[in-house]
Each structure stands twice: as structure tokens, then as C-alpha cells.
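Analysis of the macromolecular model
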Amino acid sequence: MSILSKINIVDSDHVKDQYCSSLYKISNDIVNLVKLKLLAGTTVVLNSGSFRFDIDAIYLEPKYLAQHDLTWHQNTLFINYENNMLLEYTLNKINPTNIVILNSEIFIQYRSWSDIDTEIKKLKQFTTQIIVTVPKHRFDFNRLRYTYETIAEKLNATIVENTLLICH
Amino acid sequence: MLKSINNWREVQLKWYNGTTIEQDYELELFVKENNISRIGYHGPNNYLEELLGSKQTDNLDLCVYYVNQLFKFSEIVYDCNKIINEKLLPNGFLYLTVNKFLAEPEYFENSTQDYDESIFIFLKEKINAPVIKYHSGKTDGGIRFNWVHPLTRVYFKNVNTI
């Protein structure tokens with residue numbers, strides 16, 4: 001008997017399917033809202049499934065997916081996203097005006113709102129503006145103490161449909 | 001909703017060459033170790049019904065309460081107390097598994113900063129049966145099949161004698 005306790009994302013034969021399942025659905029309305037908020041200049045879209053969007057941007061996706069036959073946006077670069085130094089180097093080189101992360105489990109990881117806030121602040125160092133969307137039911141906060149509105153306020157976010165839209 | 005969850009379980013088992021998900025296995029083991037025969041279910045969980053067998057409506061040795069859709073903790077408490085008072089045999093068990101990400105926010109006066117701790121305190125305080133076993137649903141990075149079988153799991157024992 002094989003008892004599964006954890007997913008091993010990278011070493012699975014089904015890595016492509018797993019990745020696609022980790023990209024949470026996002027409505028066109030929210031994508032359009034994000035587009036309206038973009039500042040003029042270079043945009044980097046991070047780990048969000050580049051094949052899902054038509055935003056004029058450089059897309060950064062996990063290196064372990066490079067060989068998989070997804071219809072990646074033509075402007076997609078693959079990097080080892082767990083290597084922070086490499087990510088920082090890449091972002092420094094690109095020098096983006098906007099960094100965008102759209103409903104990405106790789107980024108959210110069911111983390112707490114405060115950890116997400118910390119990660120956003122780290123990435124903000126590399127850009128003028130960062131935009132992140134997080135589905136309401138995919139991150140951690142004490143639902144016996146706070147409301148979504150309180151958390152949105154702490155993150156300086158707005159709630160659109162079932163999503164927190166963070167724009168710093 | 002249920003269909004998609006069960007399909008998702010099958011898909012995950014197939015992808016990772018598994019026979020069973022850890023949470024399912026632990027529940028199955030609990031049933032065996034406690035010689036449980038009369039099992040009832042609250043909430044949609046065809047898979048667990050098939051896995052554990054039985055399907056009784058009252059005089060239960062165990063009630064399995066599975067919550068993997070939008071819910072309120074206050075409603076869960078109401079249901080749990082009703083099950084304990086009306087469905088369980090003396091010394092029967094209630095197994096509660098909840099997907100904490102799907103809880104509608106509601107204020108609990110004794111909540112701490114920690115969500116998992118607050119859930120435990122809330123359930124322990126409001127449900128009229130002692131907790132005999134508890135698994136925290138501490139954030140796991142999304143890799144422990146919470147959306148197949150929720151990680152926040154509590155076993156209560158009915159100590160009422162009537």
C-alpha cells in the first residue's frame with residue numbers, strides 16, 4: 001500500500017497537469033482591471049501561466065516546465081524560481097516597471113496574509129509597481145478573528161469578485 | 001462539487017502512484033482500531049461512505065462529518081452538538097474534518113492570533129464532547145491534499161450516558 005501524504009510537484013510525470021491545476025481561474029474582468037492599472041514600461045508576469053494571458057509582458061515561468069508542450073506566450077523565460085538570487089538577478093536585468101502575479105499557487109502557497117505581504121514587499125524592490133491577485137479562499141488568515149475586508153485593508157487591497165487585488 | 005472532489009482524489013492518486021491519501025488512511029485505521037461498526041455520515045462524502053462502509057442514521061459508533069464547501073463554524077457547532085445528542089451511542093465518536101479556507105469569517109471572542117489554535121479553542125469550547133484526537137490544519141504550502149480530505153481534523157467522544 002502506498003499512502004500519499006505530500007505532493008512531489010517537480011519529480012512527477014504529471015508535472016504539467018499539476019502546474020495547470022495550480023493556476024487558479026481568473027475572470028477576464030479582473031485581468032482587464034489589472035491591464036488598466038499597468039504603468040507605461042516593461043511588465044514582468046511571474047509564475048502565472050503565460051499561456052493564459054495576452055498582456056504585453058515578459059513572462060517568467062518555472063524552469064522545470066520548460067520542456068513541456070504548453071502553448072507558452074512567445075515572450076516566456078524559464079528560471080528556477082526557488083533560486084532567489086537568480087530571480088533577483090533576472091529582475092534586476094529586466095528592470096521592470098510592473099511586476100504582476102495572477103492567481104498563482106506557486107506564489108500564494110496557502111500562506112498567511114502577512115507572509116504574502118512580506119513577499120510582495122521583497123519583490124517591490126525590483127519594480128515601480130507590483131500587482132498581485134489572490135483568490136479569497138486560497139490564503140491563510142484567522143477567519144475567527146478577521147473579515148476579508150479587514151485583511152484587504154491590511155494588504156492595501158480591494159476585493160473584486162472573489163479575489164483580493166493588491167496594487168502597490 | 002462532490003463529484004469533482006472525488007475525481008480530484010482519483011487524479012491525485014493516479015499522478016503520484018498512491019493507493020490512499022494519508023487522511024483517508026488514518027480515518028480507516030481509527031475505525032479498525034476502535035472496532036467501529038455503526039457509521040453515519042453528515043455532509044457529502046460518497047468516497048468515505050464507500051471506504052468505511054456501513055451507512056446508518058442513528059445509534060452510531062461513529063459519525064463522519066466532512067466539510068469541504070463554504071461553511072460557518074457556528075453552523076458546524078450546531079450540527080455537531082445535534083449529532084452528539086441525538087445520533088451517537090454513549091462512547092460513540094464524532095469525526096469532524098473541515099477545510100478551514102472555506103470558512104466564512106465570523107468573530108470569536110476567545111480567538112488568538114493563530115487561526116489553527118483559534119479553531120481548536122472554538123471547537124473545544126463550543127462542542128459538548130471532549131476532544132480525544134486532533135490534527136492541526138496548519139498551512140502546508142498546498143501539498144498535503146487538503147482539498148481532497150481537509151487537514152483540520154478533530155475526533156470527539158460522546159461521554160453522555162443517556
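Above this text you will find the structure in question.
Structural notes, computed from the coordinates. Since this is a predicted model, take the numbers as computed values, not measurements.

Our focus in this paragraph is the overall build of chain B. A count of helical and extended segments in chain B gives five helices and six strands. Along chain B, helices (α) and strands (β) appear in the sequence α-β-α-β-α-β-α-β-α-β-β when read from the amino end. Seen along its three principal axes, the alpha-carbon backbone of chain B occupies a region of about 45 × 40 × 25 Å. Per-residue burial for chain B yields a buried fraction of 49% across its 162 residues. For chain B, the share of sequence-separated contacts (at least 6 apart) that also reach a separation of at least 24 residues comes to 64%. If you sum the accessible surface of chain B, you get close to 7,400 Å²; carbon and sulfur atoms cover 49% of it. Taking the average location of the 17 positive side-chain charges in chain B and that of its 21 negative ones, the two points are 2 Å from each other.

Let's shift gears to the sheet that holds strand 3 (residues 60-67) of chain B. Sheets are built from strands paired through backbone hydrogen bonds, the pairs being either parallel or antiparallel. All names here are of chain B. Reading across the sheet, the five strands line up as 2-3-4-6-5 and stay open at both edges, with mixed pairing between neighbours. Each end of this open sheet is capped by a strand with a single partner; those strands are strand 2 (39-42) and strand 5 (131-135). When the angles between neighbouring strand axes are averaged without regard to direction, this sheet yields 15°. As paired strands, strand 2 and strand 3 are joined by four bridges and run parallel to one another. Along strand 3, the bridge assignment pairs Ile39 with Leu62. Contacts between helix 2 (residues 22-33) and the sheet are confined to strand 2, strand 3, strand 4 (88-98), strand 5 and strand 6 (152-157), with strand 6 contributing the most and set at about 10° to the helix. Most of the contacts of helix 5 (residues 115-126) go to strand 5, to which it runs at about 160°, and overall it touches strand 4, strand 5 and strand 6.

This next bit is on the pairing of strand 5 (residues 98-102) of chain A. All names here are of chain A. With five of five residues buried, strand 5 is to be regarded as a mostly interior element. Every second residue of strand 5 is oriented toward a common face, with Asn98, Val100 and Leu102 on one face and Ile99 and Ile101 on the other, all of them buried. The pairing of strand 2 (residues 43-46) with strand 5 spans three bridges and is parallel. If you follow Thr43 over to strand 5, its bridge partner there is Asn98. By the bridge criterion, five bridges tie strand 5 to strand 6 (residues 129-135) in an arrangement that is parallel. The partner of Ile101 across the bridge, within strand 6, is Val132.

All names here are of chain A. Pairing within the open sheet is mixed, and its seven strands lie in the order 4-3-2-5-6-8-7. Of all strands in the sheet, those with a lone pairing partner are strand 4 (76-79) and strand 7 (157-160), marking the two edges. Neighbouring strand axes in the sheet, compared pairwise and without regard to direction, differ in orientation by 20° on average. With five bridges connecting them, strand 6 and strand 8 (residues 163-167) associate as antiparallel partners. Along strand 8, the bridge assignment pairs Val134 with Leu164. Relative to strand 3 (residues 58-62), helix 3 (residues 84-94) is tilted by about 170°, and along the sheet it contacts strand 2, strand 3, strand 4 and strand 5. Running at roughly 155° to strand 6, helix 5 (residues 113-124) makes contact with strand 2, strand 5, strand 6 and strand 8 of the sheet.

The rules behind each value
- Residues numbered from 1 in each chain as written.
- Chains lettered and ligands numbered in written order.
- Predicted model: local features only at pLDDT ≥ 70, side-chain atom pairs only at ≥ 80, totals over all residues.
- Heavy atoms only, no water.
- Helix = DSSP H or I, 4+ residues; strand = E, 2+ residues; numbered from the N terminus.
- Buried < 20%, exposed > 50% of the residue type's maximum accessible area, 1.4 Å probe, protein only.
- Contact = heavy atoms within 4.5 Å.
- Areas by Shrake-Rupley, 256 points an atom, 1.4 Å probe, with all protein chains shown as cover.
- Lys, Arg positive; Asp, Glu negative; His and termini not counted.
- Charge placed at Lys NZ, Arg CZ, Asp CG, Glu CD.
- Pairing = 2+ DSSP bridges.
- Axes fitted to C-alpha atoms, helices over the stretch in contact; angles between N-to-C directions.

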